[in-house]
Amino acid sequence: MRVAGVHRRSIVAANHGRSIEIIDQRALPHALVSATLATTEDVARAIREMWVRGAPLIGAVAAYGVCFALRDDPSDAALDRACLDLVATRPTAVNLRWALEEIRRAVVAAPVGRRLDFGWRRAAAICEEDVAINEAIGRNGLPLLRVLFARKPMGQRLNILTHCNAGWLATVDWGTALAPIYMAHDAGIPVHVWVDETRPRNQGALTAWELGQHGVPHTVVVDNAGGHLMQHGMVDVCIVGTDRVTAVGDVCNKIGTYLKALAAMDNGIPFYVALPYPTIDWAAEDGLTSIPIEERDPAEVHCVEGLRTRAPHGAAGARVRERVRIHPTTSSASNYAFDVTPARLVTALITERGVVAASREGLASLYPDREVAKSGAASFMRS
Ligand code: MRU
């Protein structure tokens, strides 16, 4: 997608086997900073500390992380160690496990001396496939937005609400939930996006930055505003991404998604979830009991971080990042990072293969070949 008019991707692997370049998302939206990752440990840290984030992107970056391990030691033991270390970095997004299993499958059959080569090629293919998948999600989601726009009174824009960041920063390119929105904007549909702030990590700031770079009109709202907007006819449709969808269509996504789905149902507003096939966990059924929900450091809840807007004592303001505590030092906090939206609250799933009901039958109709994925899910990395 475009940054200051220039096309770029969230991950670039130019240096065969040696390093990859990523965007350090911790600096956004105030600075666009690249970082070079050259070891498995670099990659594990970047995923754990959310330099990179978003289900498809952490899978793609982790795939390269295994390659770095193979570069230094192509043995089975090193491969297993790297996969186990990387899969432990973030527990909820199943794309991470999927990508590691893909790399594993690609290299175990290769001669030991060529494992890095096989792994590197598979990692590059995962990235290319992600771009193609997300473009297809955009194409499949666009007609839904066209239909909704056609129902609007003349001269009114189409108001879309999204939660977290499921844009190109969360993938290799395009994004999932944002792909149909970019395509609608490019097709001349006057879209406007309500961007949930998404405390505590404020992924909404990333969404706002992305949309701004692409010229898509948008407004950031606090996480609790969605219900009010929906009650007052200010939302025509919700579209979100997801970190894991179960075989029956339950959707796990960033904390707060469930509340938006409840409000959408109460107000008769369509609630779509966009996903690529690696986000489906065919071995999981009931989302509430089968998906590990990441609990992050309570410090993320206690503190907010941003750019200082005014220098102390009226001095000329430097662009300084600051982290300030907002809660009493005596209070504890919990930091559940994801929640589960039951399939019954989801209007439909937008995938690279088409739009289907969030149900066992819907998913099975699109993915009759799902047994392939199921066999992978039985691996030693199962979570
Ligand atoms: O904790 P994050 O920022 O990695 O969570 C990301 C999300 O919840 C996204 O909505 C999800 O990964 C879909 S991204 C295409």
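A brief structural summary. (Residues numbered from 1 in each chain as written. Predicted model: local features only at pLDDT ≥ 70, side-chain atom pairs only at ≥ 80, totals over all residues. Heavy atoms only, no water.)

Describing the overall build of the chain
The line we're drawing: A run of DSSP states H or I qualifies as a helix once it reaches four residues; a run of E qualifies as a strand once it reaches two. Both are numbered from the N-terminal end. The quantity called the radius of gyration is restricted to C-alpha atoms. Its globule counterpart is 2.2 Å times the number of residues to the power 0.38. Note on charges: Lys and Arg go in the positive column, Asp and Glu in the negative column, and His and the chain ends are not counted at all. Note that the charge is assigned to NZ on lysines, CZ on arginines, CG on aspartates and CD on glutamates.
Tallying secondary structure elements over the chain gives 13 helices and 18 strands in all. Expected size for 383 residues packed as a compact globule is a radius of gyration near 21 Å; at 21 Å, the chain falls within 12% of this value. Counting only C-alpha atoms and orienting by the principal axes, one finds that the chain spans roughly 65 × 60 × 45 Å. Within the chain, the 41 negative side-chain charges are centred at a point lying 3 Å from the centre of the 41 positive side-chain charges.

Regarding the side chain of arginine 244
Formally: Categorising residues by exposure relies on relative accessible area from a 1.4 Å probe, with only protein chains included: less than 20% of the type maximum marks a residue as buried, more than 50% marks it as exposed, and the intermediate range marks it as partly exposed.
For arginine 244, the position within the fold is in strand β10 (residues 244-246). According to the relative accessible area criterion, arginine 244 is buried, its value standing at 0%.

Notes on the pairing of strand β9 (residues 237-240)
To keep things clear, this is the line we draw: Between any two strands, at least two bridges found by DSSP are needed for them to pair.
Burial along β9 is two-sided: the residues Val237 and Ile239 and Cys238 and Val240 are all buried. In terms of strand pairing, strand β6 (residues 158-162) meets β9 through two bridges, oriented parallel. If you follow isoleucine 160 over to β9, its bridge partner there is valine 237. Direction of pairing for β9 relative to strand β12 (residues 271-274): parallel, over a ladder of three bridges. Across the sheet, valine 240 pairs through a bridge with valine 273, a residue of β12.

A word on the site of the ligand
Rules: A single heavy atom is enough: if one lies within 4 Å of a molecule or strand, its residue is considered near that molecule or strand. Distance and chemistry together define a polar contact, namely a pair of N or O atoms within 3.5 Å, with one atom able to donate a hydrogen and the other to accept it when in protein, and with adjacent residues in sequence counting only for side-chain atoms on both sides. Shrake-Rupley sampling with a 1.4 Å probe provides the accessible areas, and residues are treated as covered by the protein chains on show and by no other component.
Around the ligand, the surrounding shell holds 19 residues, and the nearest of these are Arg53, Gln203, Asp243, Asn253 and Lys254. The contact in question runs from an oxygen atom of the ligand to an N or O atom on the side chain of glutamine 203, over 2.8 Å. Within the side chain of aspartate 243, an N or O atom sits 2.8 Å from an oxygen atom of the ligand. In isolation the ligand exposes 420 Å². Once the protein is present, 99% of that is buried.

Focus on helix α2 (residues 55-72)
The line we're drawing: Expected helix span is taken as 1.5 Å per residue step, with the number of steps being one fewer than the number of residues.
Counted at 1.5 Å a residue, the expected span for α2 with its 18 residues is 26 Å, and the 27 Å between its end C-alpha atoms agrees. Across the 18 residues that make up α2, a large majority, 16, are buried.

Brief notes about the sheet that holds strand β3 (residues 11-15)
Here is the rule we go by: All axes are obtained by fitting lines to C-alpha atoms, using only the stretch in contact for helices, and the reported angles, taken between N-to-C directions, cover 0 to 180 degrees.
Taking strand neighbours across the sheet as the criterion, the three strands line up as β3-β4-β5 in an open arrangement whose pairing is antiparallel. Where the open sheet ends on each side, the last strands, each with one partner, are β3 and β5 (34-37). The average undirected angle you get between the axes of adjacent strands in this sheet is 25°. Here four bridges tie strand β4 (residues 19-23) to β5, and the two strands are oriented antiparallel to one another. Bridge assignment links isoleucine 22 to a residue of β5, and that residue is alanine 35.

A look at helix α5 (residues 115-150)
The test is simple: The seven residues ending at a residue and the seven starting there each receive a fitted axis; the angle between those axes is the bend at that residue.
The terminal C-alpha atoms of α5 lie 53 Å apart, and with 36 residues this matches the ideal 52 Å at 1.5 Å per residue to within 8%. Where α5 bends most, the angle comes to about 25°, and this point is glycine 141, followed within four residues by the proline proline 143.

Re the side chain of glutamine 203
To keep it simple, the criterion reads: Should any heavy atoms of two residues lie within 4.5 Å, those residues are considered in contact.
Mapping glutamine 203 onto the fold places it in helix α7 (residues 203-214). Classification of glutamine 203 by relative accessible area gives buried; the value is 2%. Each residue touching glutamine 203, except ones within four places of it in the same chain, is listed here: Met50, Arg53, Cys164, Asn165, Glu197, Thr198 and Lys254.

Looking at the packing of helix α6 (residues 178-186) against α7
Short version of the rule: The labels follow the angle: roughly parallel below 35 degrees, roughly antiparallel above 145, roughly perpendicular from 65 to 115, and oblique for the rest. Each helix crossing is assigned a hand: it is left-handed if the near helix lies turned anticlockwise from the far helix by less than a right angle, otherwise right-handed if that turn is clockwise. Just so you know the grouping, Ala, Val, Leu, Ile, Met, Phe, Trp, Tyr, Cys and Pro go in nonpolar, Asp, Glu, Lys and Arg go in charged, and all remaining residues, Gly too, go in polar.
Contact geometry of α6 with α7 gives a least axis separation of 11 Å together with a crossing angle of 25°. In terms of orientation, α6 lies roughly parallel with respect to α7. Every pair of crossing elements has a handedness; the one defined by α6 and α7 is right-handed. Within the contact between the two elements, α6 uses Leu178, Tyr182, His185 and Asp186 and α7 uses Thr207, Glu210, Leu211 and His214. Split by residue class, the contact of α6 with α7 holds three nonpolar, three polar and two charged.

Observations concerning the packing of α2 against helix α3 (residues 76-87)
At their nearest, the axes of α2 and α3 sit 9 Å apart, and the two run at 150° to each other. By the angle between their directions, the pair α2 and α3 is classed as roughly antiparallel. Along this stretch, α2 crosses α3, giving a crossing that reads as right-handed. Judged by residue contacts, Ala62, Gly65, Val66, Ala69 and Leu70 of α2 engage Ala78, Leu79, Ala82, Cys83 and Leu86 from α3. Residue composition of the contact of α2 with α3, grouped by class: nine nonpolar, one polar and no charged.

Let's talk about the packing of aromatic side chains
Selection criterion: Two rings from Phe, Tyr or Trp (for Trp, the six-membered ring) form a pair when their centres sit within 6.5 Å of each other. Planes less than 30 degrees apart are called stacked, planes more than 60 degrees apart edge-to-face, and all others tilted. Note on criteria: charge over ring means Lys NZ or Arg CZ within 6 Å of the ring centre, with the direction from the centre no more than 35 degrees off the ring normal.
Tallied over the full model, the rule gives five aromatic pairs. The interplanar angle of 55° and the centroid separation of 6.0 Å between the aromatic rings of phenylalanine 68 and tryptophan 120 together place this pair among those described as tilted. Here the residue phenylalanine 68 occupies a position in helix α2, and tryptophan 120 occupies one in helix α5, the gap between them amounting to 52 residues. Of the two residues, phenylalanine 68 and tryptophan 120, neither departs from the other in class, the shared state being buried. The interplanar angle of 45° and the centroid separation of 6.2 Å between the aromatic rings of tryptophan 168 and tryptophan 209 together place this pair among those described as tilted. Note that tryptophan 168 is positioned in the loop between β6 and α6 and tryptophan 209 in helix α7, a separation of 41 residues in sequence. Across the pair, tryptophan 209 and tryptophan 168 agree in class, each one buried. What links up through ring pairs into an aromatic cluster is the set Tyr64, Phe68 and Trp120. Its end group placed over the ring of phenylalanine 338, lysine 254 keeps NZ or CZ at 4.1 Å from the ring centre.

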